[in-house]
Every structure is written in C-alpha cells, then in structure tokens.
Amino acid sequence: MEPTTRTRPLADLFPLKILVCGWCRAGAATGGVRTLCAEGESLTVTWHDRACPHHVADLILADDS
C-alpha cells in the first residue's frame, strides 16, 4: 500500500542552529557537553567545556530534586 501523505525532512521542521559558547569558546571539536534548546521552530545546540559555568548552571536548572 502506498502512503497517502509525504512527510517533510526533520531538518525542514526544526532547523538546527549550532552555537559556540561565548564563555568557554568550546565547539563541536573541543567541547565535552552540549546544551539543547527547542525554541520556536528551531533546535539550538550549544557546546561547552565540562567546567564551563554555563554548563554548571544548566545542570542546576535541570535538577528536579
């Protein structure tokens, strides 16, 4: 049976933005961790060093205890 609808590629639905942290300057090649953010109609990935204060803050905000 043939599908009746066509789907758009995921990249069309959620364009990916890759950012370098302004504090630690980590990128895909040097960063150890990533922060993901779905905002509006895009997905943002920000790279950080493990000791970056932005990464530490993300861990604190994500802690649900």
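For the structure, see preceding data.
Below you will find a few notes about this structure.

Calculation rules
- Residues numbered from 1 in each chain as written.
- Predicted model: local features only at pLDDT ≥ 70, side-chain atom pairs only at ≥ 80, totals over all residues.
- Heavy atoms only, no water.
- Disulfide = S-S within 2.5 Å.
- Buried < 20%, exposed > 50% of the residue type's maximum accessible area, 1.4 Å probe, protein only.
- Core = buried A, V, L, I, M, F, W, Y, C linked by side-chain atoms within 4.5 Å.
- Contact = heavy atoms within 4.5 Å.
- Helix = DSSP H or I, 4+ residues; strand = E, 2+ residues; numbered from the N terminus.
- Polar contact = N/O pair within 3.5 Å; in protein donor to acceptor, adjacent residues only side chain to side chain.
- Pairing = 2+ DSSP bridges.
- Axes fitted to C-alpha atoms, helices over the stretch in contact; angles between N-to-C directions.

### Describing the state of the cysteines
Right, so step 1: On inspection of all chains with the given rule, the structure shows zero disulfides.
Right, so step 2: Cysteine C21 remains unbridged, with the sulfur of C52 as its closest cysteine sulfur at 3.7 Å.
Right, so step 3: Residue class for C21 comes out buried when judged on its relative accessible area of 3%.

### Topic: the nonpolar core
Right, so step 1: Among the nonpolar cores identified, the biggest contains six residues, and these are C21, C24, A26, V45, W47 and C52.
Right, so step 2: Leave out the neighbours within four places in its chain, and A26 touches V20, C21, G31, W47, H48 and D49.

### Describing the environment of H48
Right, so step 1: Assignment of secondary structure puts H48 in strand β3 (residues 42–48).
Right, so step 2: Between the alpha carbons of H48 and G31 there is a distance of 5.1 Å; along the sequence they are 17 residues apart.
Right, so step 3: Excluding its chain neighbours within four sequence positions, the residues that come into contact with H48 are C21, C24, A26, G31, G32, V33, T35, H54, H55 and D58.
Right, so step 4: A polar atom in the side chain of H48 sits 3.2 Å from the side chain of T35.

### Considering unusual backbone geometry
Right, so step 1: In this structure, R25 is a non-glycine residue whose phi angle is positive, near 60°.
Right, so step 2: Along the polypeptide, R25 turns up in the loop between β1 (16–20) and β2 (33–39).

### Observations concerning the sheet that holds β2
Remark on secondary structure: sheet strands pair via backbone hydrogen bonds, oriented parallel or antiparallel.
Right, so step 1: With respect to topology, three strands assemble into an open sheet ordered β1-β3-β2, the strand pairing being mixed. Strands with a single pairing partner mark the edges of an open sheet, and in this sheet they are β1 and β2. Shown here is a sheet whose adjacent strand axes are inclined to one another by a mean of 20°, direction ignored.

### Here's the deal with the pairing of β1
Right, so step 1: Little of β1 is tucked away: zero of the five residues are buried.
Right, so step 2: Here five bridges tie β1 to β3, and the two strands are oriented parallel to one another. Its bridge partner lying in β3, V20 is registered against W47.

### Here we look at the pairing of β3
Right, so step 1: With six of seven residues buried, β3 lies mostly within the body of the structure.
Right, so step 2: Bridge count between β2 and β3: seven bridges; the pairing is antiparallel. Each bridged residue has a counterpart across the sheet, and for C37 the counterpart in β3 is T44.
Right, so step 3: If you look at the hairpin formed by β2 and β3, you'll find two residues sitting between the two strands, and G40 has a positive phi there, around 65°.

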